[in-house]
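Listed below are the residues making up each chain.
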Amino acid sequence: MSYEQEEEDHYGPGYEVGSYTKDYNDGPYDGESDLNVNSNPEGKPRILLMGLRRSGKSSIQKVVFHKMSPNETLFLESTNKIVKDEISNSSFVQFQIWDFPGQVDFFDSNFDCEMIFGGCGSYKKNLLQTFITDSNEALDLKLVREPFDVENDETTFKPEMSHQIFGENESIFGYQNLKISLYYTAGKLNTYLGITYKAEVDPKQFDGAIADDVMGAISAKLPPGYMTNLDDFVATLNKEQTFKPFGELLSTYSINKGSATERHFQLYSCTIEEIGFRSYHERLQTFLLWYVDAASFIDVDDDRWRFYLIFEKYPCDGGHRYAICGYATVYLYFAYPNKTRPRISQFLVLPPFQRLGLGAELLNVIYRSFLKDSNILDITVEDPSEEFTRLRDFVDSQNCKKLPSFSKEKLHQGFNAEMVDEAQRDLKINKKQARRVYEILRFQATNLADFEEYRAYRLDVKRRLNIPYQKEASDYKKLQKALNPEELRSTLSTSTKEQRIENLDKQYQMLENEYRHTLERLAAAQ
Ligand SMILES: Nc1nc2c(ncn2[C@@H]2O[C@H](COP(=O)(O)OP(=O)(O)OP(=O)(O)O)[C@@H](O)[C@H]2O)c(=O)[nH]1
């Protein structure tokens, strides 16, 4: 039986392979006309063969449904339009096969998704997935010094978080290949915001689903004056040479001294009254959104805020310019009865300037700015992040190491009031932090190979960790007197002695790990 005869037998008279209706097969595929035909009036199930060019779609169709031998498929021409095949073996096996050309761009706006995929629920769902972007991936931040930086990928840095703008999932709906550009000039922080994308979701195709308003979400957090035209933004770079840091120069800091890669940094402090600083700070604080969890913009009209800023002073056009590297805000709280207790509130070193020692320098500058003021009790930190805790441990340990009360001999005698007094008087370190530094430095001074010495250290730390449990035990005794056993059980989830020991051990191990990191950094800094 010839191939054609066999086809006849299988598919009944009138059927012609690959030419179900003329509409589909006349003329080359033009991306539109072939696809915009309502061609499934009977609502038959369809199998869509889609995939890369020359991936074997037509071969599958011919071999499976038309008994073509695999070898013969070698001679198949590339499909250049949708070819529909009506399979009608019996009254109950009836469906269509649509063989798509490999070059179809399904995201082309001319492509009628509804006509092709109507009824294919999971396809739609999958297609919708392609319109979801990780907001941290999509956002490019830059501190631009010269026009070339705009093109240069090396000057791009990424946010650590974006949930404060784009929600807990940190995702944006509605775009494919979305890129958000939030660029600042390195000195003045003139700002550019722009987005680009390959395709935006079409509400008509996806039950009215509309794309997230990315520009609106970010611009709501930007002070007025940001630019949406990149050329305008680049043009403002001319004015960067007039930019000078605000406030009083407190310290200078250099890295790679004496080498070709030497860099210079300057640390300043100022108040909101400094001319021009109010609007500068409005732009500066927008970085918090991407790096500080639960960041909130502060009420700068409160005159108890102090600002500390780091700038890089870099050579440019025979002179020099300044680029922002990071900043901190400190609030001067009252401490009863007549003292002041500054609290570090926000602390940020921008990614391009991290791992240069600037965080430690900034913290030291903040300390030093308060040291001579006898009215200052000590310095606290608001809700410190893990990263900040590490930095603070390092700086405080480095400084306390120089105090007589933290000498090796004294450390082995245990934590005492002299340490608290000296750390507070000389370094403005509060009692809780002084205790932590004592544990770090005593760990450093402990010979871990000496069983007794190491054990004494662990017990000393665990005794402190056990204090809350002791409190719990005394609370329990009080409650025992006031409540009957039933009430007591429902009020408290008491832990057994074994659980408590296990918990203490875990807590201790975690602390020891943190202390080891600090000691490694101390050793590297020597
Ligand atoms: N080795 C191998 N070759 C295959 C296989 N399937 C298909 N081919 C060969 O791959 C080539 C392309 O196959 P087609 O079926 O025309 O591919 P297509 O996906 O329909 O291509 P377009 O119409 O261009 O999108 C043909 O020469 C086939 O013989 C396979 O499983 N193995």
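The rules behind each value
- Residues numbered from 1 in each chain as written.
- Predicted model: local features only at pLDDT ≥ 70, side-chain atom pairs only at ≥ 80, totals over all residues.
- Heavy atoms only, no water.
- Salt bridge = Lys/Arg side-chain N within 4 Å of Asp/Glu carboxyl O.
- Helix = DSSP H or I, 4+ residues; strand = E, 2+ residues; numbered from the N terminus.
- Buried < 20%, exposed > 50% of the residue type's maximum accessible area, 1.4 Å probe, protein only.
- pLDDT = per-residue confidence, 0-100.
- Contact = heavy atoms within 4.5 Å.
- Near = heavy atom within 4 Å.
- Polar contact = N/O pair within 3.5 Å; in protein donor to acceptor, adjacent residues only side chain to side chain.
- Nonpolar A, V, L, I, M, F, W, Y, C, P; charged D, E, K, R; others polar.
- Pairing = 2+ DSSP bridges.
- Patch = residues over 30% accessible without salt bridge, like charges linked within 9 Å, V, L, I, M, F, W, Y side chains within 5 Å.
- Areas by Shrake-Rupley, 256 points an atom, 1.4 Å probe, with all protein chains shown as cover.
- Lys, Arg positive; Asp, Glu negative; His and termini not counted.
- Charge placed at Lys NZ, Arg CZ, Asp CG, Glu CD.
- Axes fitted to C-alpha atoms, helices over the stretch in contact; angles between N-to-C directions.
- Parallel < 35°, antiparallel > 145°, perpendicular 65-115°, else oblique.
- Left-handed = near helix turned anticlockwise from the far one by under 90°.

What follows is about the pattern of salt bridges. One pass over the full model with this rule turns up 19 salt bridges. In this structure, the salt-bridge partner of aspartate 317 is arginine 321, at a minimum N-O distance of 3.6 Å. Notably, a salt bridge pairs arginine 341 with aspartate 378, separated by 2.6 Å at the nearest N-O pair. Here the residue arginine 341 occupies a position in strand β16 (residues 339-349), and aspartate 378 occupies one in the loop between α13 (358-371) and β17 (380-381), the gap between them amounting to 37 residues. By relative accessible area, which is 31% here, arginine 341 ends up partly exposed. Within this structure, Arg435, Glu439, Arg442, Asp460 and Arg464 form a network of salt bridges that share partners.

Here the chain averages 88 in pLDDT, and 88% of its residues register 70 or above. Segment residues 1-39 is flagged for pLDDT under 50; beyond a separation of four residues in sequence, or across chains, it makes 75 contacts in the model. Across the interface, the model reports ipTM at 0.92; the global pTM reads 0.74.

Right, let's get into the site of the ligand. By nearness alone, 14 residues border the ligand, and Lys57, Ser58, Ser59, Ser78 and Thr79 come closest of all. Arginine 54 has a polar backbone atom sitting 2.9 Å from an oxygen atom of the ligand. Its residues placed into classes, the shell around the ligand shows three nonpolar, eight polar and three charged.

If you trace the four strands from one edge of the open sheet to the other, you get β6-β5-β9-β10, paired in mixed fashion. Each end of this open sheet is capped by a strand with a single partner; those strands are β6 (156-157) and β10 (191-196). Two elements, strand β5 (residues 139-144) and strand β9 (residues 179-185), share six bridges in a ladder whose sense is parallel. Each residue of the ladder has a partner; that of leucine 141, found in β9, is leucine 182.

Together, Glu168, Asp293, Glu382 and Asp383 line one region of the surface with negative charge. The residue glutamate 382 is located in the loop between β17 and α14 (386-400) in this model. Under the relative-accessibility criterion, glutamate 382 is labelled partly exposed at 34%.

Turning to the side chain of glutamine 176, a few remarks are in order. Here glutamine 176 lies in strand β8 (residues 175-176). Look at glutamine 176 and you get buried, because its relative accessible area is 5%. One polar contact links glutamine 176 to threonine 130, side chain to side chain, over a distance of 2.7 Å.

With that settled, consider the packing of helix α17 (residues 431-445) against helix α18 (residues 451-482). Geometrically, a packed helix pair is captured by the angle between its two axes and the distance between the axes. In the contact formed by α17 and α18, the axes pass within 10 Å of each other and the chain directions differ by 165°. Taken together, the axes of α17 and α18 lie roughly antiparallel to each other. In this structure, the crossing between α17 and α18 has a hand that is left-handed. Facing Arg435, Tyr438, Glu439, Ile440, Arg442, Phe443 and Ala445 of α17, the residues of α18 in contact are Glu453, Tyr454, Ala456, Tyr457, Asp460, Val461 and Arg464. By residue class, the composition of the contact of α17 with α18 is eight nonpolar, no polar and six charged.

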